[in-house]
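Overview (structure and organization)
Single-letter residue listing:
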Amino acid sequence: MSITHHPGEELLLSYASGAADEAVALLVASHLTMCRTCRLTVRTAEAAGGAVLSSLPPAVMGDRAYESVLARLDEPAARIVREANLNSEVPAPLQRYVGGDYGAIAWRPIARGLSHLPLETRGGTRARLYRAEPGAVIVPHTHRGDEWTLVLTGSYSDETGNYGPGDVQSATPEIEHSPKADPGPVCINLAVTNAPLVFRGIIPRIAGWFFGF
């Protein structure tokens with residue numbers, strides 16, 4: 001199945017410029033490992049940004065600038081590619097958070113056939129993984145803000161269409177949907193939100209509050 005749903009241009013540009021916060025950057029970086037089209041878009045944006053920087057007057061660097069750059073090579077973000085298990089189905093950027101095996105994750109049950117794992121990220125957005133057995137459904141909900149969902153394995157369908165590996169669904173407050181995992185492989189998604197979800201019905205609302213949705 002080819003990738004037909006991509007991150008919006010604003011997400012790709014914010015990632016290329018380094019302006020995206022951690023959760024959004026994680027989603028975009030994971031998508032880029034699966035999508036050649038968006039890799040080219042980001043590469044072009046980065047090249048354009050580099051051209052602008054090269055036209056600026058040079059700045060005087062401090063005495064310890066070189067040592068500072070060397071030290072950053074040991075930071076977690078710089079170790080992602082060096083330490084990634086390239087044979088894993090988990091995208092390299094995501095391995096830093098969950099390891100290289102989806103089966104080894106300590107999933108937290110939500111409902112029958114559905115579980116999740118919140119990820120620790122900084123910034124104004126939240127990230128979590130969802131795992132859905134074929135046929136599992138997330139109850140109808142809307143959004144107080146934006147939600148971006150990257151399909152990692154399997155596929156799901158909702159009122160807006162079908163989403164397979166590498167696809168990114170963008171949902172806004174105007175969209176109400178109830179994603180359902182398709183038959184076949186287990187569906188695992190990376191979801192990023194910048195505001196809570198809004199569930200229909202008192203019990204789903206209580207459950208959403210309890211699980212931090």
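Residues numbered from 1 in each chain as written. Predicted model: local features only at pLDDT ≥ 70, side-chain atom pairs only at ≥ 80, totals over all residues. Heavy atoms only, no water.

If you look at soluble globular proteins, the nonpolar side chains tend to sit buried side by side. Of all hydrophobic cores here, the largest spans 30 residues; its most connected members are Leu27, Leu94, Val98, Leu119, Leu129, Leu152 and Leu190. Mapped onto this core, the elements with two or more residues apiece are α1 (9–17), α2 (22–32), α3 (36–54), α6 (92–98), β2 (114–119), β3 (126–132), β5 (147–153) and β10 (187–193). Per element, the largest residue contribution to this core is 6 residues, and it comes from α2. If sequence neighbours within four positions are ignored, Val98 has contacts with Val90, Ile105, Leu117, Leu119 and Leu129. With 8 residues, the next largest nonpolar core counts Leu114, Ala132, Tyr156 and Ala181 among its residues. (Core = buried A, V, L, I, M, F, W, Y, C linked by side-chain atoms within 4.5 Å. Buried < 20%, exposed > 50% of the residue type's maximum accessible area, 1.4 Å probe, protein only. Helix = DSSP H or I, 4+ residues; strand = E, 2+ residues; numbered from the N terminus. Contact = heavy atoms within 4.5 Å.)

Right, let's talk about the environment of Cys187 for a bit. For Cys187, the position within the fold is in strand β10. Take Cys187: its relative accessible area is 1%, and that puts it in the buried class. Setting aside chain neighbours within four positions, we find Cys187 in contact with Tyr130, Arg131, Ala132, Thr153, Gly154, Ser155, Tyr156 and Ala181.

Here we come to the sheet that holds strand β9 (residues 180–181). Across a sheet, strands are paired by hydrogen bonds formed along the backbone, either parallel or antiparallel in direction. Strands sit in the order β7-β6-β9 across an open sheet of 3 strands; the sheet is antiparallel. Because the sheet does not close on itself, it has two edges, and the strands there are β7 (161–163) and β9. Note: strand β6 (residues 156–158) against β9, 2 bridges, orientation antiparallel. Each bridged residue has a counterpart across the sheet, and for Tyr156 the counterpart in β9 is Ala181. (Pairing = 2+ DSSP bridges.)

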